Amino acid sequence: LATIIGTLTASALVSLLITKWSVFDCLAVGSGFAYYSLSSILITELKEASLGVQMATELGTIALIANIIRESMAVLGAPLFVKYFGRLAPICAGGATTMDTTLPIITRYSGKDLVFVSIFHGILVDFTVPFFVSFFCSM
């Protein structure tokens, strides 16, 4: 819940700085939760009718890059997240990737006792991606 609320809040705040995209476009991008292979395609396809091919592709590309950066930051920043924010911080930072690609890093820095939490978190956040992305793209 903290991952979803925190990500959507940060995405809404980013929309205040980026005037080209609406708050709902930024929320759709943030709703990828680092699941870049699905969110970028969904956004491109769902926004094509309202934005046109060029703009929808641009927004899908932004989603791809933003979600890859999120995953990279989770991998590279895990030791710092644990040190400054606690053992659950890398799990929140990893978003949907905590059940697969970031799991080894999370296990190393957060501890083996949080493996189940990380996998459950990843599955839960993973399942929300198509719903949140579709919802924000429809607005």
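See the structure above.
Because the structure is predicted, anything quoted here is derived from the model rather than measured. (Residues numbered from 1 in each chain as written. Predicted model: local features only at pLDDT ≥ 70, side-chain atom pairs only at ≥ 80, totals over all residues. Heavy atoms only, no water.)

This brings us to the pattern of salt bridges. The full count for this structure, using the stated rule, is 3 salt bridges. The residue Lys 20 makes a salt bridge to Glu 58 at a minimum N-O spacing of 2.6 Å. Here the residue Lys 20 occupies a position in the loop between helix H1 (2-17) and helix H2 (23-30), and Glu 58 occupies one in helix H4 (residues 53-85), the gap between them amounting to 38 residues. On the basis of relative accessible area, Lys 20 is assigned to the partly exposed category, the value being 48%. For Asp 113, the salt bridge goes to Arg 87, with nearest N and O atoms at 2.5 Å. Highlighted residues: Asp 113 in the loop between helix H6 (103-110) and helix H7 (115-137) and Arg 87 in the loop between H4 and helix H5 (89-94), separated in sequence by 26 residues. (Salt bridge = Lys/Arg side-chain N within 4 Å of Asp/Glu carboxyl O. Helix = DSSP H or I, 4+ residues; strand = E, 2+ residues; numbered from the N terminus. Buried < 20%, exposed > 50% of the residue type's maximum accessible area, 1.4 Å probe, protein only.)

Relative orientation of the contacting elements H1 and H7 amounts to 35°, with a least axis distance of 10 Å. In this structure, H1 meets H7 at a crossing whose hand is right-handed. For the pair formed by H1 and H7, the contact residues are Thr 3, Ile 4 and Leu 8 on the first element and His 121, Val 125, Thr 128, Phe 132 and Phe 136 on the second. Of the residues in the contact of H1 with H7, the class split is 5 nonpolar, 3 polar and no charged. (Axes fitted to C-alpha atoms, helices over the stretch in contact; angles between N-to-C directions. Left-handed = near helix turned anticlockwise from the far one by under 90°. Contact = heavy atoms within 4.5 Å. Nonpolar A, V, L, I, M, F, W, Y, C, P; charged D, E, K, R; others polar.)

Moving on, we get to the environment of Lys 83. Along the polypeptide, Lys 83 turns up in helix H4. Of the residues examined, Lys 83 reaches a relative accessible area of 62% and is grouped as exposed. Put simply, Lys 83 and Ser 110 are 27 residues apart on the chain and 9.8 Å apart in space, counted from C-alpha to C-alpha.

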